[in-house]
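# Summary of structural features
One-letter residues, chain by chain:
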Amino acid sequence: DQQVKQNSPSLSVQEGRISILNCDYTNSMFDYFLWYKKYPAEGPTFLISISSIKDKNEDGRFTVFLNKSAKHLSLHIVPSQPGDSAVYFCAARTKGGATNKLIFGTGTLLAVQP
Amino acid sequence: DAEITQSPRHKITETGRQVTLACHQTWNHNNMFWYRQDLGHGLRLIHYSYGVQDTNKGEVSDGYSVSRSNTEDLPLTLESAASSQTSVYFCASSVGTGRTGELFFGEGSRLTVL
């Protein structure tokens, strides 16, 4: 049973446009949501996070939106750059649960075309 | 600079052999994790540890074991390798409670079981 779902395996956008990556979850006990970025042959790196008590968090070109009623979050990248081409993983942490144990989605491969 | 390193980066072995993947971190983090990445499954948690002598099973722990004799290392052992364990393995570490859940990942170990 997949508690964190990324239904789009891949996404292609033009350089300079907005990239929107989506993530759905089923567990209401998640208290933090994180996005990780992964390049080929490298480990995932932390990108941005959001607490379940917030609905938006922004860091430069990256903004994460959380819609708790829909159990949905999205990552917006504006403007998209070729260097953003990577696999993006959505992850969630259980509220009050064991320290920092994360459940990951299946990932979305973003390709930013020059 | 503090870091997390995995070895070997690539390993080919035969069915039934014992294999150990090493993970070493210099951040002095209490929490360490092993994930495997497979197409269509994202990152799945194998085992994790919250400190010396502490180990816990993740969602896909069958056929794997870990030990934590010091803060820096969490080796992952496949007692009798199976073809289903062909995957890319990532070690990660994090600080303790009170943080957002951010994990720091190693670069991965690609294991092929023939």
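Residues numbered from 1 in each chain as written. Chains lettered and ligands numbered in written order. Predicted model: local features only at pLDDT ≥ 70, side-chain atom pairs only at ≥ 80, totals over all residues. Heavy atoms only, no water.

## Details of the interface of chain A and chain B
With 21 residues of chain A at the contact, the number on the chain B side is 25 residues. In total, about 1800 Å² of surface goes out of reach between chain A and chain B, with carbon and sulfur atoms giving 58% of it. Between chain A and chain B we count 3 residue pairs in polar contact (both at pLDDT 80 or more) in total. Those elements that place two or more of their residues in the side of chain A that touches chain B are strand 4 (30-38), strand 5 (45-51), strand 9 (86-94) and strand 10 (102-104) of chain A. In terms of residue count, the dominant contributor to the side of chain A that touches chain B is strand 4 of chain A (4 residues). (Contact = heavy atoms within 4.5 Å. Buried area = accessible area lost by both parts, 1.4 Å probe. Polar contact = N/O pair within 3.5 Å; in protein donor to acceptor, adjacent residues only side chain to side chain. Helix = DSSP H or I, 4+ residues; strand = E, 2+ residues; numbered from the N terminus.)

## Section: the pattern of salt bridges
In total, this model carries 7 salt bridges over all chains according to the counting rule given. Across the pair D31(A) and R93(A) runs a salt bridge, and its minimum N-O distance is 3.0 Å. Of the two residues, D31(A) sits in strand 4 while R93(A) sits in strand 9, which places them 62 residues apart along the sequence. The shortest N-O distance in the salt bridge between D38(B) and R44(B) comes to 3.0 Å. Residue classification places R44(B) among the buried residues on the basis of a relative accessible area of 18%. One salt-bridge network, held together by shared partners, links K37(A), R61(A) and D84(A). (Salt bridge = Lys/Arg side-chain N within 4 Å of Asp/Glu carboxyl O. Buried < 20%, exposed > 50% of the residue type's maximum accessible area, 1.4 Å probe, protein only.)

## A word on the sheet that holds strand 1 (residues 4-5) of chain A
Residues and elements named next belong to chain A. Across the sheet, 5 strands lie side by side as 1-3-8-7-6; this open sheet has antiparallel pairing. At either margin of the open sheet sits one strand with a lone partner, and together these are strand 1 and strand 6 (56-59). Bridge analysis of strand 7 (residues 62-67) against strand 8 (residues 72-77) gives 6 bridges, and the strand direction is antiparallel. Bridging from a neighbouring strand, N67 pairs with H72 of strand 8. (Pairing = 2+ DSSP bridges.)

## Remarks on the state of the cysteines
Disulfides are covalent bonds that link the sulfur atoms of two cysteine residues. Enumeration according to the criterion identifies 2 disulfides over all chains in this entry. The disulfide partner of C23(A) is C90(A), and the gap between their sulfur atoms is 2.1 Å. Its torsion about the S-S bond being -75°, the disulfide of C23(A) and C90(A) is classed as left-handed. A residue pair is termed long-range when its members are at least 10 positions apart, and C23(A) in strand 3 (residues 19-25) and C90(A) in strand 9 qualify at 67 residues. Judged by its relative accessible area of 1%, C23(A) falls in the buried class. Two residues share a disulfide in this structure: C23(B) and C91(B), whose sulfurs sit 1.8 Å from each other. (Disulfide = S-S within 2.5 Å.)

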